[in-house]
Amino acid sequence: MVDYRRYKKLFIPGPTEVRKEVLEEMGRPMIGHRSKELSALYGELVPKLQELLYTKNHVFLSTSSSTGFMEAAVRNCVKKKCLNLVCGAFSEKWHKITVANGKDAEAMEIEWGTGHRAGDIEEKLSTGEFDAITLVHNETSTGTMNKLQEISEVMKKFPDVMFLVDTVSSMAGVKIEVDKLGIDVCLAGVQKAFAVPPGLAVAAVSEKAIEKAKQVENRGYYFDFLTFLKYDGKKQTITTPAISQMYALNLQMDRVKEEGLENRFKRHKEMADYTRKWASENFGLFVEEGYRSDTVTAVANNKGINVAELNEKLGERKMMLSNGYGDLKEKTFRIGHMGDLTLDEMKELTDAIDEILGEGK
Ligand SMILES: *Cc1c(COP(=O)(O)O)cnc(C)c1O
């Protein structure tokens, strides 16, 4: 028997808390990966994901973490040159991945804690140098959420430029209307706002991206969109998938539907508003106004508290938050408010922090 009380409640920006019934769903007996049962599961799951993403595009499942699909996106969709929009650690990594795949690429870096301006992107794309851009919608390392709508308006002026978007820490927490936004590859892993154990990634891939892939050489094997498509036609995956995660995600998508998509997005917004208010009253906010994430808040540690020590003390109370990412360690700390967490749980966390910090006075 698992003693759930031994574990800390995760207020980190992934992996996130997973409900007991979803964890238990992973304990189902195995089925063959070429069986009718697998195709039935696949056939149930994919339409639920299309509904979540407001899309008619193909939705592929990869047995990898999200990074796998970041690699797939550039590998399949960049022929000429990629513009990597960089505003934090994950977007910087996408630039490195692009280069590591032998693609010509340029990073457009802005100060961390700020968001990308549509006008700057338009100017850059007007050079005609690029046939793809990568954008991290919700930069988890800094707590910045980019303005997807505004950027998508610009992208519509460049229909030949592939619009590749990492929504790893926003998908299933924030409304993302893939078809309206014209996103060619919209990717995420299930361990963040989906609130499913890690091991599976999801990507909505447009017909345009498929056509592009046909013109790109050296797409590799594991992440070749054309091979994904071939197996999708059989409601199967290229190789043995993470069947347990598929079960868990399928059940979780029913929970998402039960809650209602709009309610789910609203709950995330409420948790974000609450956490930001608490943070600005007690510390400060790292990200400029207008670009603050609805799934993770980066608190500016302007009081100079010892974040690692705070987290130790929270641990005694079976809670955990995240220190700042990389160089932002101790300068910021991050509170995840995504997945299945509730406003009441956010209040429990901030009450605990207030109490712990009050003790030293
Ligand atoms: C977590 C995260 C990733 C990496 O995800 P993995 O599933 O660990 O590969 C990439 N981008 C963003 C924005 C993330 O939050």
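Here the structure is a predicted model, which means the values were calculated and not measured. (Residues numbered from 1 in each chain as written. Predicted model: local features only at pLDDT ≥ 70, side-chain atom pairs only at ≥ 80, totals over all residues. Heavy atoms only, no water.)

Colleague: Would you mind showing me how to read helix 2 (residues 36-52) here?
Modeller: Every α-helical turn comprises 3.6 residues, leaving residues that sit three or four positions apart pointing alike. The terminal C-alpha atoms of helix 2 lie 25 Å apart, and with 17 residues this matches the ideal 24 Å at 1.5 Å per residue to within 8%. Within helix 2, the full set of buried residues consists of Leu38, Ser39, Leu41, Tyr42, Leu45, Val46, Lys48, Leu49 and Leu52. Residues of helix 2 that are buried in the fold lie against strand 2 (58-62), strand 10 (201-205), helix 9 (225-232), helix 10 (243-259) and helix 11 (261-282). Where helix 2 terminates, the next one or two residues include Tyr54, which has phi positive at roughly 50°. (Helix = DSSP H or I, 4+ residues; strand = E, 2+ residues; numbered from the N terminus. Expected span 1.5 Å × (residues − 1). Buried < 20%, exposed > 50% of the residue type's maximum accessible area, 1.4 Å probe, protein only. Contact = heavy atoms within 4.5 Å.)

Colleague: What is the right way to read the domain arrangement of the chain from this model?
Modeller: For interface size, the figure often reported is the accessible area lost on association. Looking at the chain, the domain boundaries give domain 1 (4-15 + 260-359) and domain 2 (20-257). One C-alpha centre belongs to domain 1, the other to domain 2; they are set 26 Å apart. In this assembly, domain 1 packs against domain 2 so that about 2700 Å² is buried in total across both faces, 59% of it on carbon and sulfur atoms. If you sort the residues of domain 1 by the area they bury against domain 2, Phe265, Tyr291 and Tyr325 come out on top, with a joint share of 25%. Our count for the contact surface shared by domain 1 and domain 2 stands at two salt bridges. For the salt bridge of Arg117 with Glu288, the shortest nitrogen-to-oxygen distance reads 2.9 Å. Counting the contacts that link domain 1 with domain 2 gives 17 residue pairs in polar contact (both at pLDDT 80 or more). For the side of domain 1 that touches domain 2, the element with the highest residue contribution is helix 11, accounting for five residues. Each residue belonging to the side of domain 1 that touches domain 2 can be placed in one class, and the counts come to 13 nonpolar, seven polar and seven charged. (Domains from an automatic or database assignment. Buried area = accessible area lost by both parts, 1.4 Å probe. Salt bridge = Lys/Arg side-chain N within 4 Å of Asp/Glu carboxyl O. Polar contact = N/O pair within 3.5 Å; in protein donor to acceptor, adjacent residues only side chain to side chain. Nonpolar A, V, L, I, M, F, W, Y, C, P; charged D, E, K, R; others polar.)

Colleague: Looking at this structure, how should I read the state of the cysteines?
Modeller: Simply put, the disulfide is a covalent bond whose two ends are the sulfur atoms of two cysteines. Enumeration over the complete set of coordinates arrives at zero disulfides. Lacking any disulfide linkage, Cys82 is separated from the closest cysteine sulfur, that of Cys77, by 9.5 Å. The cysteine Cys87 is free of any disulfide, with Cys82 supplying the nearest cysteine sulfur at 15 Å. (Disulfide = S-S within 2.5 Å.)

Colleague: Looking at this structure, I do not really get a negative patch on the surface. What am I missing?
Modeller: A contiguous patch of negative charge on the surface is contributed by Asp344, Glu348, Asp351 and Asp354. Structurally, Glu348 can be placed in helix 13 (residues 343-359). The exposure class of Glu348 is partly exposed, given its relative accessible area of 40%. (Patch = residues over 30% accessible without salt bridge, like charges linked within 9 Å, V, L, I, M, F, W, Y side chains within 5 Å. Areas by Shrake-Rupley, 256 points an atom, 1.4 Å probe, with all protein chains shown as cover. Lys, Arg positive; Asp, Glu negative; His and termini not counted. Charge placed at Lys NZ, Arg CZ, Asp CG, Glu CD.)

Colleague: What's the story with the packing of aromatic side chains in this structure? I'm lost.
Modeller: The way to describe two aromatic rings as a pair is by their centre distance and the angle between their planes. Under the defined criterion, the tally for this structure stands at eight aromatic pairs. When the centroid spacing of 5.6 Å and the interplanar angle of 40° are considered together, the rings of Phe69 and Phe228 count as tilted. Taken as a pair, Phe69 in helix 3 (residues 66-77) and Phe228 in helix 9 lie far apart in primary sequence, 159 residues in all. Grouping residues by exposure puts Phe69 and Phe228 together as buried. Considering the side-chain rings of Phe225 and Phe228, the 6.4 Å spacing of their centres and the 70° angle between planes classify their relative orientation as edge-to-face. A residue pair is termed a helical-turn pair when its members lie 3 or 4 positions apart in one helix, as Phe225 and Phe228 do in helix 9 at three residues. A single burial state applies to Phe225 and to Phe228, both of which are buried. (Phe/Tyr/Trp six-rings, centres within 6.5 Å; stacked < 30°, edge-to-face > 60°.)

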